[in-house]
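# Structural features, examined
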Amino acid sequence: MDREILIIVDPMCSWCWGFSPVIRTLEKEYDSFAPIYPIVGGLRPLSSDPMNDRAKEEIQQHWQNVSEASGQPFDYSFFDRQNFIYDTEPACRALVTVRFLKPKSSLGYLEILHKAFYAENCDITDTNILADLAEAIGVDQRDFKEFFPTRKMIYLTASDFFRSQSMGVSGFPTTILRSNEKLSLLSAGYQPFSEIKPKIDDWLKDDVETEVSQQ
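Residues numbered from 1 in each chain as written. Predicted model: local features only at pLDDT ≥ 70, side-chain atom pairs only at ≥ 80, totals over all residues. Heavy atoms only, no water.

It is the contact of helix α1 (residues 14-30) with helix α2 (residues 53-70), at a shortest axis distance of 9 Å, that shows an interaxial angle of 15°. Between α1 and α2, the angle falls in the class roughly parallel. In this structure, α1 crosses over α2, and the sense of that crossing is right-handed. Contacts between α1 and α2 pair S14, W15 and G18 from the former with H62, W63, N65, V66, A69 and S70 from the latter. By residue class, the composition of the contact of α1 with α2 is four nonpolar, five polar and no charged. (Axes fitted to C-alpha atoms, helices over the stretch in contact; angles between N-to-C directions. Helix = DSSP H or I, 4+ residues; strand = E, 2+ residues; numbered from the N terminus. Parallel < 35°, antiparallel > 145°, perpendicular 65-115°, else oblique. Left-handed = near helix turned anticlockwise from the far one by under 90°. Contact = heavy atoms within 4.5 Å. Nonpolar A, V, L, I, M, F, W, Y, C, P; charged D, E, K, R; others polar.)

To continue, consider the environment of P103. Assignment of secondary structure puts P103 in the loop between α3 (89-101) and α4 (106-119). Take P103: its relative accessible area is 52%, and that puts it in the exposed class. The spatial distance from the C-alpha of P103 to the C-alpha of K145 is 17 Å, given a sequence separation of 42 residues. (Buried < 20%, exposed > 50% of the residue type's maximum accessible area, 1.4 Å probe, protein only.)

So, about the sheet that holds strand β3 (residues 174-179). The sheet built from four strands is open, its strands ordered β2-β1-β3-β4 with mixed pairing. Two strands bound the open sheet, and with one partner strand each, they are β2 (36-40) and β4 (182-188). Each adjacent strand pair in this sheet contributes to an overall mean axis angle of 25°, direction not counted. (Pairing = 2+ DSSP bridges.)

Look at α2: 26 Å from first C-alpha to last across 18 residues, which is about the 26 Å you get at 1.5 Å a residue. Buried-residue contacts for α2 involve α1 and α4. Capping the start of α2 is the job of one residue whose side-chain oxygen sits 3.2 Å from the backbone nitrogen of R54: N52. Phi turns positive, to about 80°, at G71, one or two residues after α2. (Expected span 1.5 Å × (residues − 1). Polar contact = N/O pair within 3.5 Å; in protein donor to acceptor, adjacent residues only side chain to side chain.)

What follows deals with the pattern of salt bridges. For the structure on display, the rule yields eight salt bridges. Residue R178 is joined to D2 by a salt bridge in which the shortest nitrogen-to-oxygen separation is 3.1 Å. Here R178 is found in strand β3, whereas its partner D2 is found in the segment before β1 (3-9), with 176 residues between them in sequence. For R178, a relative accessible area of 11% puts it in the buried group. A salt bridge links R24 to E111, with the nearest nitrogen and oxygen atoms 2.5 Å apart. Remark: E111 occurs in helix α4 and R24 occurs in helix α1; sequence separation between them is 87 residues. The class of R24 is partly exposed, set by a relative accessible area of 41%. If you follow the salt bridges from partner to partner, you end up with D2, E4 and R178 in one network. (Salt bridge = Lys/Arg side-chain N within 4 Å of Asp/Glu carboxyl O.)

The next point concerns the pairing of β1. Extensive coverage of β1 is indicated by the burial of seven of its seven residues. Of the two faces of β1, both are covered, the one formed by R3, I5, I7 and V9 as well as the one formed by E4, L6 and I8. Relative to β3, β1 is paired through six bridges, and the arrangement is antiparallel. Residue E4 lies in a different strand from β3, and its bridge partner there is R178. Across five bridges, the pairing between β1 and β2 is parallel. By the bridge assignment, I8 is partnered in β2 with I39. The handedness of the β1 to β2 crossover, carried by α1, is right-handed. (Right-handed = clockwise from strand over helix to strand, strands pointing away.)

Below is the structure:
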């Protein structure tokens, strides 16, 4: 049976950063049974307006909520930025580019993007920073910069956004279990690993029993 655990995320989604340790544990525990596949959902793609004070206040409250729920660190000096445009498309496209060039490194890159943005106050809307972070996980900067701006990567990123929407995903992170063509919702929003582990174990057990019964 063909299985995957689909993680619908955005590198600039704070609750996805909160979920990052869970993703790491999912990969460690289940990758040999059901590979983890990241899909970018597009939190604020192609935004063009600089953040105003009200937006900063709302986002800072989200960060505080995520920190309390997950224990993940945040660098609040981000809110001292002036005229920052919260466009998540470049970071999403960067993840798609790494997924295309070096698939096994895509989850590691997602974690690096999250950490850089939320804990280190890096501007991951900047192509050069995205390329530097890709190099940190073994992707050649020249390859990254060659593919990142291409129509193909732009198209693949938009295809991820469409796929996310077609599955009915409206928030991130969302985790979906795929067995062949069958999709099952595992979690919508942040959940600790302890809450989703029993559901994955039951899913894998049911799949094995189905396979045996069909033999």
